[in-house]
Amino acid sequence: MEYSEKVMEHFVHPHNVGKIEDADGIGEVGNAKCGDIMKMYLKIDDGIITDVKFNTYGCASAIATSSMATDLIKGKPLSEALKLTNKAVVEALDGLPAVKIHCSVLAEQAIKAAVRDYYDKNGIEYDEAQFHFNETHEHGVEE
Ligand code: FES
């Protein structure tokens, strides 16, 4: 199984690992395929993600995709974070081996869960459809 240089970089030195004690939104999701878990913390100010951290009991691919995903949403509006797909994250990493695509789903789902938690805690109305995770996202970049 071959990992791209970018995947290795983000796996060996992942960005935004940890916990935000006073997070505005927390999302925890599990991967049905392997049982791994991902926790995502967001700090939100005026609709902008000012800080993000993650913790995972996931594999190298889950760590690399979360590292990249958190880089991609930091400083961005919530609306943009909700549009981030695992496919876009995989592309930003120059691909993942096909058998590892399911690992990249954790980051996307955890971000969505954390945003939803923030909306729920603050009584902000939202469209359910934004949070539906579509399994058809789950095709990756061919090696
Ligand atoms: Fe579980 Fe990768 S094998 S997240």
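Residues numbered from 1 in each chain as written. Predicted model: local features only at pLDDT ≥ 70, side-chain atom pairs only at ≥ 80, totals over all residues. Heavy atoms only, no water.

*Asks:* Before we go on, may I ask you to explain the overall build of the chain in this structure?
*Replies:* In terms of regular secondary structure, the chain is built from 5 helices and 3 strands. The linear arrangement of helices and strands in the chain, starting from the amino end, is α-β-β-β-α-α-α-α. When burial is assessed residue by residue, the chain has 44% of its 143 residues classed as buried. Computing the positive centroid from 14 side-chain charges and the negative centroid from 25, the chain places the two 2 Å apart. (Helix = DSSP H or I, 4+ residues; strand = E, 2+ residues; numbered from the N terminus. Buried < 20%, exposed > 50% of the residue type's maximum accessible area, 1.4 Å probe, protein only. Lys, Arg positive; Asp, Glu negative; His and termini not counted. Charge placed at Lys NZ, Arg CZ, Asp CG, Glu CD.)

*Asks:* So what exactly am I meant to see when it comes to the nonpolar core here?
*Replies:* A general tendency of soluble globular proteins is for nonpolar side chains to be buried together. Core analysis: the biggest nonpolar cluster contains 35 residues, and Leu42, Ile49, Ile73, Ile111 and Val115 have the highest contact counts within it. Of all the secondary-structure elements, those providing two or more residues to this core are strand S2 (37-45), strand S3 (48-56), helix H2 (60-73), helix H3 (78-83), helix H4 (86-92) and helix H5 (101-121). If you tally residues by element for this core, the top one is H5, at 10 residues. Filtering out sequence-adjacent residues up to four positions away, Leu42 remains in contact with Ile20, Ala23, Asp24, Gly25, Ile49, Asp51, Val52, Ile73, Ile111, Ala114 and Val115. (Core = buried A, V, L, I, M, F, W, Y, C linked by side-chain atoms within 4.5 Å. Contact = heavy atoms within 4.5 Å.)

*Asks:* How do you make sense of the environment of Ile48 when you look at a structure like this?
*Replies:* Along the chain, Ile48 falls in strand S3. Note: C-alpha distance between Ile48 and Leu106 (58 residues apart in sequence) is 22 Å. Not counting chain neighbours up to four residues away, the residues in contact with Ile48 comprise Lys43, Gly75, Lys76 and Pro77.

*Asks:* Please clarify how the packing of H2 against H5 should be interpreted in this entry.
*Replies:* Where H2 contacts H5, the axes come no closer than 7 Å and their chain directions differ by 40°. The orientation of H2 relative to H5 falls into the category oblique. In this structure, the crossing between H2 and H5 has a hand that is right-handed. Contacts between H2 and H5 involve Ser61, Ala62, Thr65, Ser66, Ala69 and Ile73 on the former and, on the latter, Cys103, Ser104, Leu106, Ala107 and Ile111. Taken together, the residues of the contact of H2 with H5 break down into 7 nonpolar, 4 polar and no charged. (Axes fitted to C-alpha atoms, helices over the stretch in contact; angles between N-to-C directions. Parallel < 35°, antiparallel > 145°, perpendicular 65-115°, else oblique. Left-handed = near helix turned anticlockwise from the far one by under 90°. Nonpolar A, V, L, I, M, F, W, Y, C, P; charged D, E, K, R; others polar.)

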